[in-house]
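Below are the chains, spelled out letter by letter.
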Amino acid sequence: MNKKIEELNKLKRGALLGGGQDKIDIQHEKGKLTARERIELLVDEGSFEEIDMFVKHRSKDFGLDKQQFLGDGVITGFAKINGRPIALFSQDFTVFGGSLSESHAEKIVKIMDLALKLGIPIVGLNDSGGARIQEGVVSLGGYAEIFLKNTLASGVVPQISAILGPCAGGAVYSPAITDFIFMVKHSSHMFVTGPNVVKTVTHEEVSFEDLGGAETHASKSGVAHFAMDNEIEIFEGIRKLLSFIPQNYKDMAPELNFDLKKDLTIEQLNDLVPENPNRPYDMKEIIRLLVDNEDFFEIQKNFAENIIVGFGRIGGLSVGIVANQPAVLAGVLDINASVKGARFVRFCDAFNIPLLVMEDVPGFLPGTEQEWNGIIKQGAKLLFAFCEATVPKVTVITRKAYGGAYDVMNSKHIRGDFNFAWPSAEIAVMGPKGAVEIIFKKEISESENPEEKTAQKLSEYIQKFANPYSAAERGYIDDIITPSETKIKLINAFQLLKTKVDSNPPKKHCNIPL
Ligand code: HXC
């Protein structure tokens, strides 16, 4: 028996080395960690249980039968993060560049299947040269099976991808289907075709980093949700993200203890919205003051900055926050903001995370660029997402709620549960100036003193509509609140809404405007 145990240990020692020490050294020289080092840094100490360490590829072509590495370029198993179980895979670039073979794909699909049965999140650490070229169509089939599994798991368990090396060709579509993508600056890239093919096809000269680096995808394309400076930050980010979300669609996010007896009045909130309605202010400051311990975990912070999305806790309960940002483009809703907001709202709704909407929105962005790129259908995504969401939904209007954007941003009419307004709120079809110029056009132009007439009409309009009272008269606003008491109101609302039950009509699936 001892001999057999020794033999087993020898095999395991070999497997732990992946493609060998020389390849590990190259990985380190590139500033990258190995697949096993990454797992160690990501999960709770000593919690990783590996499976399928002995899997090998079955390819005999191009001399591959003579090159065998236990595990076949991907480490799979189960571990704990913040004490809660997850399934994970970590691609090992030291083995055939982490390329995906038939067996490699089978290992990933196997842990995804188990994760679905167990109802636990799936975390993928990607570092791969793509389909294993020597295996041909078999590896493409392997990818397709992963894509299918990602799709079936969508909305059942959270799926998180970290891109820690190359990710090219169709391989990008597995992370793209998952809920959140983390990228590391300078050593991770995602593109459908690399710079060389781009040059041949479009004659554009572009670097790897500009085409598909972390900052590009976190700020220009919106493909990545996080661009981190190094791998350690990525693992901290994943741990933090998981702390706000539940294990699966039937579960609730962990609720933390919160001292309800302490004074929850926040006087600073009374002074944050400027008197002049056209002056910007930073909505993040308001969010920071409202969430427990000023701890706001922002998502896609460098993309479509006119809308803010992220997680925080209100009275110990995890909530998804969607907020207009008056400090960027006056908080207007454009295509990117709508798509960013919609995807986040749908994630929260899929996973029972209540929504808090902080609203100061002048409307949708006009112009040919927006119209020709489909602001109608793209804006409809956000509208659709809020309409279909059945989780607790609370809105606070801090200032502007104009036009269609008023309807979209979780208004009462689309099942907002509690809709509050600050006294500074202006709930109207449009801003006073635009409105007066349209409805009193004739009167103003025929007046002997158009300026005076405009001022008089503006004052009348502001009196009538640039406030929250006419909306509150009809019950479209449940309460007009002093800003300093917002935290208390929110805690009470979300606590009450814990027992909320709502549903949508039975259907195969909805048809969100894509
Ligand atoms: C087999 C691969 C491989 C692959 C890399 N290797 N990619 N082996 N299949 N796809 C091997 C290399 O031969 C090398 O082996 C080792 O991994 C490390 O690769 P290097 O090239 O030395 O590393 P580096 O210079 O860092 O370059 C990494 C790279 C490059 C940018 C990923 O290797 C590369 O361009 N690979 C091909 C990428 C690609 O075109 N893949 C197919 C995409 S199509 P040795 O033994 O020398 O160490 C695709 C379709 C998916 O994936 C479709 C899904 C629907």
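Residues numbered from 1 in each chain as written. Predicted model: local features only at pLDDT ≥ 70, side-chain atom pairs only at ≥ 80, totals over all residues. Heavy atoms only, no water.

Caption draft 1: Structural view of the pairing of strand β3 (residues 84–91). The buried count for β3 comes to seven of eight residues, which makes it a mostly enclosed element. Alignment of strand β2 (residues 74–81) against β3, held across eight bridges, turns out to be antiparallel. Paired with V74 across the strands is Q91, a residue of β3. As consecutive antiparallel partners, β2 and β3 are separated by two residues, and within that stretch N82 has a phi angle of approximately 50°, a positive value. In this fold, β3 hands off to helix α4 (residues 102–118), which returns the chain to strand β4 (residues 122–126); that crossover is right-handed. (Buried < 20%, exposed > 50% of the residue type's maximum accessible area, 1.4 Å probe, protein only. Helix = DSSP H or I, 4+ residues; strand = E, 2+ residues; numbered from the N terminus. Pairing = 2+ DSSP bridges. Right-handed = clockwise from strand over helix to strand, strands pointing away.)

Caption draft 2: Main features of the packing of α4 against helix α5 (residues 137–153). For the pair α4 and α5, interaxial distance at closest approach is 8 Å and the crossing angle is 15°. As far as their axial angle goes, α5 and α4 are roughly parallel. The element α4 and its partner α5 pack so that their crossing is left-handed. Counted together, E102, A105, I108, V109, M112, D113 and L116 of α4 and V138, G142, E145, I146, K149, N150 and A153 of α5 form the full contact between these two elements. (Axes fitted to C-alpha atoms, helices over the stretch in contact; angles between N-to-C directions. Parallel < 35°, antiparallel > 145°, perpendicular 65-115°, else oblique. Left-handed = near helix turned anticlockwise from the far one by under 90°. Contact = heavy atoms within 4.5 Å.)

Caption draft 3: Structural detail: the packing of aromatic side chains. A full pass over the atoms with the stated rule returns 13 aromatic pairs. Seen from their ring centres, Y461 and F465 are 5.2 Å apart, and the 55° between their planes marks the pair as tilted. Highlighted residues: Y461 and F465, both in helix α18 (residues 450–465), separated by four residues, approximately one helical turn. We classify Y461 as buried; its relative accessible area is 8%. Exposure remark for F465: the relative accessible area of 32% places this residue in the partly exposed category. Every member of this aromatic cluster is reached through a ring pair, and the members are F180, F182, F226, F244, F297, F311, F344, F347 and F351. Its end group placed over the ring of F93, K32 keeps NZ or CZ at 4.3 Å from the ring centre. For the cation-ring pair, K464 lies above F465, with the distance from its terminal atom to the ring centre recorded as 5.6 Å. (Phe/Tyr/Trp six-rings, centres within 6.5 Å; stacked < 30°, edge-to-face > 60°. Lys NZ or Arg CZ within 6 Å of the ring centre and 35° of its normal.)

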